[in-house]
Amino acid sequence: MYKLKLIILVFAMQAFAIVDFVYADILYLKNGRIIEGLVKSEDKNSIELDVYGGLVKFSKSEINKIERSSSKEAVGIRQKWERQAIDYKNKMIKLQFEEEHKPKTVAFTQDTNSILVRVTLNKKVEASLILDTGASVVLLRSSVAKKLGFDLNKIIPDAKVSLADGKQVSAKRIILDKVEAQGVEAKNVEAMVMLGEGVSFPEDGLLGMSFLNKFNFKIDQKSKSLILEKLY
C-alpha cells in the first residue's frame, strides 16, 4: 500500500512538473481594464499589443502600468496561441464534417409515374431530373451538357445506354464536378450524355446511382422528400 501511494505521489509530481506556466505582457489601463498579450512595438507615445487574433494599439497616456514577460515566456505564449489555433481549426473541421454528414431532406415533386428532383449542375445549370434507382449513372440530355460547356464532338469514345423502355441511345461519358440538390452536394459524379433528344421522357435526364451511391438514402413518399446521409 505504501509503495502504491509513493508511485501515485511521484506520478503526480511529474505531471505537475510538465505544466507549462507562461505569462504574457499585461497592460493595466487607467480605466480599470487589464489586457494580456505580447508587445509588438513601442515608442514614447504608444504601444502596440499582439493579442490572440490581432493587434491592438494603445496610447501610453491610457496605461497605468505594464508587467512584461521574459523572452522565454513570450515564446511560450506564441506556442500556446499556435496550439489554440490548431485546436480551433480541428474543432471547425470536425463540426463541418458532422454537419455535412447529418441526414438532409430534399423535397421532390411527383407525377403519376415519376419522382422529379431539382438539381444544380457544376454550380451553374439547373435541371429537373427523374429519380431512378435503376439507372447506374446520371443521364443528361445533350442540351443540358451544352449549357454546361461540354463540347461533345471532342469526347470519345461513344457509348450506348439502355433506357427503362428498352430503347438504346448513343451517349458520351462526362464527369460532373458537382451535383447539388437543395444544398446537398456530391462531387465528381459520373454522367452519360444522351446524343439525340428523342428519348421517352420529357425531363432533363435521370438522377441515377452515380449520385445516389454517395449517400445512404431513403425515399419518403408521405412527405415527398428524399433523405440523404453522406457516406463516411
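Counting starts from 1 at the beginning of each chain's written sequence and moves along it residue by residue. Reporting in this predicted model follows two pLDDT cut-offs: at least 70 for local features of residues, and 80 or more for side-chain atom pairs to be given and counted; totals over whole chains, interfaces and linings ignore these cut-offs and use all residues. The side-chain figures draw on all heavy atoms in the structure; neither hydrogens nor water molecules are used.

Novice: Is there a simple way to think about the side chain of N122 in this case?
Specialist: In DSSP terms, a helix is any run of H or I states spanning at least four residues, a strand is any run of E spanning at least two, and both are numbered starting from the N terminus. Within the element layout of this structure, N122 appears in the loop between β8 (115-121) and β9 (125-131). Exposure remark for N122: the relative accessible area of 18% places this residue in the buried category. Contacts described as polar in this section are N or O atom pairs within 3.5 Å, which, within protein, must combine one atom able to donate a hydrogen with one able to accept it, while residues neighboring in sequence count only if both atoms come from side chains. For N122, the side chain forms a polar contact with the main-chain nitrogen of D177, separated by 2.9 Å. In this view, N122 contacts L148, F150, L176, D177 and K178; residues no more than four positions away in its chain are not counted. Exposed residues in this analysis have more than 50% of their type's maximum accessible area, buried residues have under 20%, and partly exposed residues fall in between, with area computed by a 1.4 Å probe over protein chains only. Here a residue-residue contact requires only that any non-hydrogen atoms of the pair lie within 4.5 Å.

Novice: When you look at the nonpolar core in this model, what are you seeing that I'm missing?
Specialist: Side chains that are nonpolar tend, in soluble globular proteins, to be buried together. Nonpolar cores are built from buried Ala, Val, Leu, Ile, Met, Phe, Trp, Tyr and Cys residues. Side-chain atoms within 4.5 Å join them into one set. Within the largest apolar cluster, 32 residues are counted, with the highest numbers of intra-cluster contacts made by V117, V119, L121, L140, L176, L207 and F211. Ranked by residues supplied to this core, first place goes to strand β13 (residues 184-194) with five residues. Sequence-distant contacts of L121, defined by excluding residues within four places in its chain, comprise A127, L140, V144, L148, L176, K178 and V179. Ranked by size, the runner-up nonpolar core spans 12 residues in total, among them L116, V161, M192 and L206.

Novice: Is there a simple way to explain unusual backbone geometry in this structure?
Specialist: Note: most residues except glycine have negative phi, and most peptide bonds are trans. The phi dihedral of N188 falls on the positive side, at around 50°, and the residue is not glycine. Note that N188 resides in strand β13. The exposed category is assigned to N188, whose relative accessible area is 54%. We note that K224 has phi near 50°; this positive angle belongs to a residue other than glycine. With respect to the element layout, K224 can be found in the loop between β15 (215-220) and β16 (225-230).

Novice: Where do I start with the pairing of strand β1 (residues 25-29) in this structure?
Specialist: Taken residue by residue, a regular strand's side chains alternate between the two faces of the sheet. Counting buried positions over the five residues of β1 gives four, a clear majority of the element. Bridge count between β1 and strand β2 (residues 34-42): four bridges; the pairing is antiparallel. The partner of D25 across the bridge, within β2, is G37. Counting the residues in the hairpin turn of β1 and β2 gives four residues, including G32, whose phi is positive at 100°. Strands were regarded as paired on the criterion that DSSP finds at least two bridges between them. Alignment of β1 against strand β5 (residues 63-67), held across four bridges, turns out to be antiparallel. Bridged to Y28 within β5 is K65.

Novice: What exactly am I supposed to notice about the confidence of the model for the protein here?
Specialist: Predicted coordinates in areas of low pLDDT are best not read in detail. Residues at a pLDDT of 70 or more form 86% of the protein, whose mean pLDDT is 83. Every residue is assigned a pLDDT by the predictor, reflecting its confidence on a scale from 0 to 100. Confidence over residues 1-22 falls short of pLDDT 50; this stretch has five contacts with residues more than four positions distant or in other chains.

Novice: What should I look at first to understand the pattern of salt bridges in this one?
Specialist: Think of it this way: side chains of opposite charge can pair up when their charged atoms draw near. Each salt bridge in this description consists of a side-chain nitrogen of Lys or Arg and a carboxyl oxygen of Asp or Glu lying within 4 Å of one another. Throughout the structure, instances matching the rule amount to six salt bridges. Between D50 and R78 there is a salt bridge, with its nearest N and O atoms 3.1 Å apart. Placement of the pair is D50 in strand β3 (residues 46-51) and R78 in helix α2 (residues 71-100), with a sequence separation of 28 residues. Its relative accessible area of 35% is what places R78 among the partly exposed residues. As a salt-bridge pair, E126 and R118 come within 3.3 Å of each other at their nearest N and O atoms. Connected via shared salt-bridge partners are E42, K60 and R68.

Novice: For this particular structure, what's the right way to read the pairing of strand β12 (residues 168-181)?
Specialist: Alignment of β8 against β12, held across two bridges, turns out to be antiparallel. Bridged to T120 within β12 is E180. Direction of pairing for β12 relative to β13: antiparallel, over a ladder of 10 bridges. Across the sheet, residue E180 finds its bridge partner in β13, namely E185. Hairpin connection between β12 and β13: a loop of two residues separates the two successive antiparallel strands, and Q182 in this loop has a positive phi of roughly 50°.

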